[in-house]
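# Results of the structural survey
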Protein chains: 2
Amino acid sequence: MDVLLAVTLKDVAERAGVSRSAVSRTFTEGASISDKTRRKVEKAAREMGYRPSLIARSLATNRTKLIGLVANNFRNPVFLEVFDLFTQTLQKRGYRPLLVNLSTETDPEKSLDMLRQYRVDGVIVATSTLPPSFPSAFRKAGVPVIHAFGKFDSHADIHVVGIDNQRCGQMAAQTLFDRGYRAIGVIGGPQSATSTQDRLAGFEQRLKQLGIEQADVRFAHNYSYSAGRDAMIDLMSEKQVEAVFCGDDVICMGAMDAARSHGLSIPDEIGFLGFNDMNMAGWAAYDLTTIHQPTSDIISSAVELVVAMVDTPERSTETRLFPCSIVERSSLRPPPTDQVGGV
Amino acid sequence: MDVLLAVTLKDVAERAGVSRSAVSRTFTEGASISDKTRRKVEKAAREMGYRPSLIARSLATNRTKLIGLVANNFRNPVFLEVFDLFTQTLQKRGYRPLLVNLSTETDPEKSLDMLRQYRVDGVIVATSTLPPSFPSAFRKAGVPVIHAFGKFDSHADIHVVGIDNQRCGQMAAQTLFDRGYRAIGVIGGPQSATSTQDRLAGFEQRLKQLGIEQADVRFAHNYSYSAGRDAMIDLMSEKQVEAVFCGDDVICMGAMDAARSHGLSIPDEIGFLGFNDMNMAGWAAYDLTTIHQPTSDIISSAVELVVAMVDTPERSTETRLFPCSIVERSSLRPPPTDQVGGV
DNA sequence: ATTTATTTTGCAACCGGTTGCAAAAAAACG
DNA sequence: CGTTTTTTTGCAACCGGTTGCAAAATAAAT
């Protein structure tokens with residue numbers, strides 16, 4: 001049998017013949033302790049297999065080194081990258097992610113409550129499908145919070161790290177226009193998502209500026225292949241478009257397969273523009289031209305910010321936006337080559 | 001400004017005019033408390049926005065309600081389902097997952113240590129690419145541990161929940177044989193993964209029993225599309241096979257695309273059998289015939305078991321295996337129809 | 001109305017650390 | 001060497017809860 005009762009500070013102190021404070025200080029960064037006692041303590045600790053209890057420390061210091069990570073979109077492959085990056089980045093800084101899965105939770109209040117009870121040092125809300133009121137609730141509770149992938153708001157009382165969705169929508173419209181597409185469809189993400197709304201707004205605005213017909217719009221009811229396929233089937237049943245701008249790569253893949261089953265070839269008969277540039281976008285079966293969202297920038301920035309807020313809770317609200325860019329593959333006609341001197 | 005200092009037990013007790021114990025009991029399941037005081041306390045608590053500190057409770061009860069969730073495979077889409085299910089299942093039972101990302105961690109000991117310091121109530125190690133010695137380390141430290149997707153061992157000192165990989169390998173071989181494939185290739189997952197080894201062993205054993213040529217084997221160096229593609233390119237350069245059994249659906253998709261770029265059509269000229277039956281396997285561009293791994297059974301069982309172990313740490317070691325099954329799609333020739341009375 | 005059994009309550013110790021403060025020890029100074 | 005300054009140390013209180021125990025209050029039985 002093994003040590004079931006954890007060895008405590010007191011045990012080590014007794015063995016090393018010092019006070020409990022001395023042991024505590026040995027394991028506290030920057031505390032005043034002589035080399036001699038430190039060595040004594042470390043020896044005793046090693047021999048007994050002592051590890052300080054972060055729970056007890058948290059209670060005393062009022063810092064848990066836990067960061068809540070709230071998401072409601074577990075089935076979308078972008079979240080693989082998101083989780084991977086979040087966990088790694090937090091880990092590197094000595095923090096731990098406490099995951100909250102909101103995908104089925106009926107009552108977001110519940111999880112807010114849960115995170116508060118665990119006294120997390122901060123929260124990162126990583127979703128664009130929750131209303132800003134949700135992250136706000138944390139702020140009201142005095143918990144540092146970042147809304148990653150969120151909407152930046154004029155009244156902005158919470159930190160946002162993400163992209164300018166409206167500008168991305170404009171970029172999408174311009175891209176399709178430049179390649180000669182005129183009859184255009186859109187398959188957005190869930191209509192309630194702020195990212196969907198903003199991208200669509202930018203998209204339509206630019207189309208208008210360019211003076212072409214407004215796009216035919218559908219919304220996928222979630223970020224999934226089948227939702228994309230269904231939306232595309234619906235779109236095709238009603239209108240013939242030359243290109244489709246999708247609000248997410250997975251949705252786009254579903255839409256592409258729907259188009260193919262309908263006998264259309266990509267990009268000759270119909271073009272597709274995705275969003276996110278997730279890993280799979282490069283897979284040969286789709287080889288998707290898409291708008292790259294700088295996920296890893298967003299995440300490291302969000303982590304950096306939330307960690308900084310732990311020490312300066314009242315820093316003024318910031319919005320950090322990163323630029324998106326087109327990733328050229330083969331689901332759209334190529335851009336016109338700039339023939340110098342050509343007419 | 002809002003309440004920055006959290007309301008404590010004492011504050012509520014004073015306001016309600018009762019002792020601290022009374023407040024504590026109000027928030028403790030099954031404690032002895034009269035309805036009258038409970039109501040008084042609840043009223044005061046509500047008015048002050050009191051939420052018990054789980055940190056303090058953990059310290060006093062020696063239970064954190066945290067379950068460590070260790071994985072090293074964040075980029076494989078199966079893990080979307082895994083995370084989604086794990087977090088939800090734990091949440092439902094009042095536990096929280098404390099995520100550990102081992103994908104880049106050079107030293108697994110570090111994270112073990114971290115989890116111990118947080119005094120997690122239990123650990124679920126969800127990977128087949130770590131040696132059994134890793135979960136064992138938790139056990140030695142007196143922390144309940146489950147190895148999900150792990151290898152069940154004869155000397156089995158840790159609980160394993162997963163599948164019988166060897167039997168699955170046999171099933172794969174039999175399936176390919178039944179459909180008339182004779183020149184067969186295998187693209188396994190990473191060679192060091194126990195799941196890879198076991199499946200391969202079962203596969204080869206069955207081929208031998210069936211008296212056909214041994215398979216040509218390659219290993220993908222990780223669970224990724226590109227690793228699958230590379231392995232397939234390598235395989236094709238050396239030998240012409242009629243069908244390939246892949247150790248994972250993502251690997252399989254990479255392999256399929258490699259075959260297609262090589263001009264082969266699926267399933268007419270080459271067949272593919274995947275593993276896992278992840279969501280994407282049903283996507284039209286691949287439509288993969290694959291072996292279904294009952295992920296959700298494995299996960300709910302693992303959670304159930306780890307939670308049970310919190311109360312009975314010394315329950316005897318269990319191995320829980322769930323059956324796999326073939327999911328018929330279109331990447332393999334159809335099975336021979338059983339012509340009654342036929343020759 | 002007593003006596004007895006049951007339920008509810010508060011006291012106080014404890015969980016395992018941290019930290020301000022003053023005393024003790026060590027180092028620097030004259 | 002004695003003094004002054006700096007560093008190290010231990011004491012004791014605290015973080016915010018839980019819980020065994022005995023006293024107090026209530027309910028049941030006689």
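Residues numbered from 1 in each chain as written. Chains lettered and ligands numbered in written order. Predicted model: local features only at pLDDT ≥ 70, side-chain atom pairs only at ≥ 80, totals over all residues. Heavy atoms only, no water.

### Observations concerning the layout of surface pockets
To find the voids left in a structure, one rolls a probe of water-molecule size over its atoms. The calculated volume of the second largest pocket comes to roughly 1300 Å³. The wall of the second largest pocket is formed by 43 residues, among which Ala6 and Ser53 of chain A together with Asn62, Arg116 and Arg119 of chain B lie closest to the centre. Looking at the lining of the second largest pocket, the elements with two or more residues in it are helix H1 (9-16), helix H2 (20-26) and helix H4 (54-61) of chain A together with helix H4 (54-61) and helix H6 (108-117) of chain B. It is H4 of chain A that contributes the most residues to the lining of the second largest pocket, five residues altogether. Looking at the lining of the second largest pocket residue by residue, the class counts come to 22 nonpolar, eleven polar and ten charged. (1 Å grid on protein atoms, 1.4 Å probe; cavity = no way out; pocket = protein on both sides within 12 Å on 5 of 7 lines; lining within 4 Å. Points joined across faces, edges and corners; volume = space filled by probe spheres on them. Helix = DSSP H or I, 4+ residues; strand = E, 2+ residues; numbered from the N terminus. Nonpolar A, V, L, I, M, F, W, Y, C, P; charged D, E, K, R; others polar.)

### Concerning the protein's contact with DNA strand C
Residues in close proximity to DNA strand C total 28 residues, the closest being Leu9, Arg20, Ser24 and Arg57 of chain A together with Arg25 of chain B. One nitrogen or oxygen atom from the main chain of Ala56 of chain A is found 3.5 Å from a base nitrogen belonging to DNA strand C. At a separation of 2.8 Å, a base oxygen of DNA strand C approaches a polar side-chain atom of Arg25 of chain B. Breaking the surface near DNA strand C down by element, the ones donating at least two residues are H2 and H4 of chain A together with helix H2 (20-26) and H4 of chain B. Of the residues forming the surface near DNA strand C, the biggest block, five residues, is contributed by H4 of chain A. When the residues that make up the surface near DNA strand C are grouped by side-chain class, the tally is eleven nonpolar, eleven polar and six charged. (Near = heavy atom within 4 Å. Polar contact = N/O pair within 3.5 Å; in protein donor to acceptor, adjacent residues only side chain to side chain.)

### Some points on the protein's contact with DNA strand D
Lining the immediate environment of DNA strand D, one finds 29 residues, of which Thr37 of chain A together with Leu9, Arg20, Ser24 and Arg57 of chain B sit closest. The protein-proximal atoms of DNA strand D, defined as those within 4 Å of the protein, are 55% sugar or phosphate. Within the contact set of DNA strand D, a base nitrogen lies 3.5 Å away from a backbone nitrogen or oxygen of Ala56 of chain B. Put simply, the parts of the chain that give the surface near DNA strand D at least two residues each are H2 and H4 of chain A together with H2 and H4 of chain B. For the surface near DNA strand D, the element with the most residues is H4 of chain B, which contributes five residues. Split into classes, the residues belonging to the surface near DNA strand D amount to twelve nonpolar, eleven polar and six charged.

### Points about the sheet that holds strand E6 (residues 184-188) of chain B
Residues and elements named next belong to chain B. Overall, mixed pairing links the six strands, which are arranged E7-E6-E8-E9-E10-E12 in an open sheet. Since the sheet does not close on itself, it has two edges, and those belong to strand E7 (216-219) and strand E12 (325-327), each with one partner. Neighbouring strand axes in the sheet, compared pairwise and without regard to direction, differ in orientation by 25° on average. Sheet topology places E6 next to E7; four bridges connect them, and they run parallel. (Pairing = 2+ DSSP bridges. Axes fitted to C-alpha atoms, helices over the stretch in contact; angles between N-to-C directions.)

### A few points about the interface of chain A and chain B
With 59 residues of chain A at the contact, the number on the chain B side is 59 residues. Of the roughly 5600 Å² buried between chain A and chain B, counting both surfaces, carbon and sulfur atoms make up 60%. At the boundary of chain A and chain B, one finds four salt bridges. Of the charged contacts, one joins Arg51 of chain B and Asp113 of chain A as a salt bridge, the two residues approaching to 2.5 Å between their closest N and O atoms. Counting only elements with at least two residues in the side of chain A that touches chain B, the list comes to H4, helix H5 (78-92), strand E2 (96-101), helix H6 (108-117) and helix H11 (249-261) of chain A. Ranked by residues supplied to the side of chain A that touches chain B, first place goes to H5 of chain A with nine residues. (Contact = heavy atoms within 4.5 Å. Buried area = accessible area lost by both parts, 1.4 Å probe. Salt bridge = Lys/Arg side-chain N within 4 Å of Asp/Glu carboxyl O.)

### Focus: the nonpolar core
Residues Met232 and Phe272 of chain A together with Met232 and Phe272 of chain B are the most contacted members of the largest nonpolar core, which totals 158 residues. Apart from the residues within four sequence positions on either side, Phe272 of chain B is in contact with Met232, Val244, Cys246, Cys252, Ala255, Met256, Ala259, Ile266, Leu288, Thr289, Ser331 and Leu332 of chain B. (Core = buried A, V, L, I, M, F, W, Y, C linked by side-chain atoms within 4.5 Å. Buried < 20%, exposed > 50% of the residue type's maximum accessible area, 1.4 Å probe, protein only.)

### Here we look at the relation of the copies chain A and chain B
Mapping chain A onto chain B leaves a residual RMSD of 0.1 Å; the transformation is a rotation of 180° accompanied by 0.1 Å of translation along its axis. The operation mapping one copy onto its partner corresponds to a two-fold rotation axis. Rotation axis and chain A: the residue whose C-alpha lies nearest the axis is Leu98 of chain A, separated from it by 2.7 Å. (Least-squares fit on C-alpha atoms with pLDDT ≥ 70 in both.)

### Quick look at helix H9 (residues 194-210) of chain B
For an α-helix, the turn length of 3.6 residues means that residues three or four places apart are oriented alike. Residues and elements named next belong to chain B. Given a rise of 1.5 Å per residue, 17 residues ought to cover 24 Å, and the 24 Å separating the end C-alpha atoms of H9 matches this to within 8%. Among the residues of H9, Thr194, Ser195, Thr196, Asp198, Arg199, Leu200, Gly202, Phe203, Arg206 and Leu207 are the ones counted as buried. Residues of H9 that are buried make contact with strand E5 (159-163), helix H8 (165-178), E6, E7, strand E8 (243-246) and strand E9 (271-276). A positive phi of about 75° marks Gly211, the residue just after H9. (Expected span 1.5 Å × (residues − 1).)

### Remarks on the packing of H5 of chain A against helix H12 (residues 295-311) of chain A
Residue and element names in this part refer to chain A. Running from amino to carboxyl end, H5 crosses H12 at an angle of 35°, the nearest separation of the two axes being 9 Å. Crossing hand, H5 versus H12: right-handed. Along the contact surface, H5 presents Glu81, Val82, Leu85, Phe86, Thr89 and Leu90, while H12 presents Thr295, Ser296, Ile299, Ser300, Ala302 and Val303. Among the residues forming the contact of H5 with H12, the class breakdown is seven nonpolar, four polar and one charged. (Left-handed = near helix turned anticlockwise from the far one by under 90°.)

### Regarding the pairing of strand E3 (residues 122-126) of chain B
Residues and elements named next belong to chain B. Among the five residues of E3, five are classified as buried, and the element is accordingly described as predominantly covered. Burial along E3 is two-sided: the face carrying Gly122, Ile124 and Ala126 and the face carrying Val123 and Val125 are both buried. Of the pairings in the sheet, the one linking strand E1 (residues 66-71) to E3 comprises four bridges and is parallel in character. Paired with Gly68 across the two strands is Val123, which belongs to E3. Here four bridges tie E3 to strand E4 (residues 145-148), and the two strands are oriented parallel to one another. Paired with Ala126 across the two strands is Ala148, which belongs to E4.

### Considerations on helix H7 (residues 133-140) of chain A
All names here are of chain A. Residues of H7 that are buried: Phe134, Pro135, Ser136, Ala137 and Phe138. Buried residues along H7 sit against strand E1 (66-71), H6, strand E3 (122-126) and strand E4 (145-148). One or two steps after H7, the chain reaches Gly142, where phi turns positive at roughly 80°.

Functional significance is not addressed by these values, which are geometric in nature.
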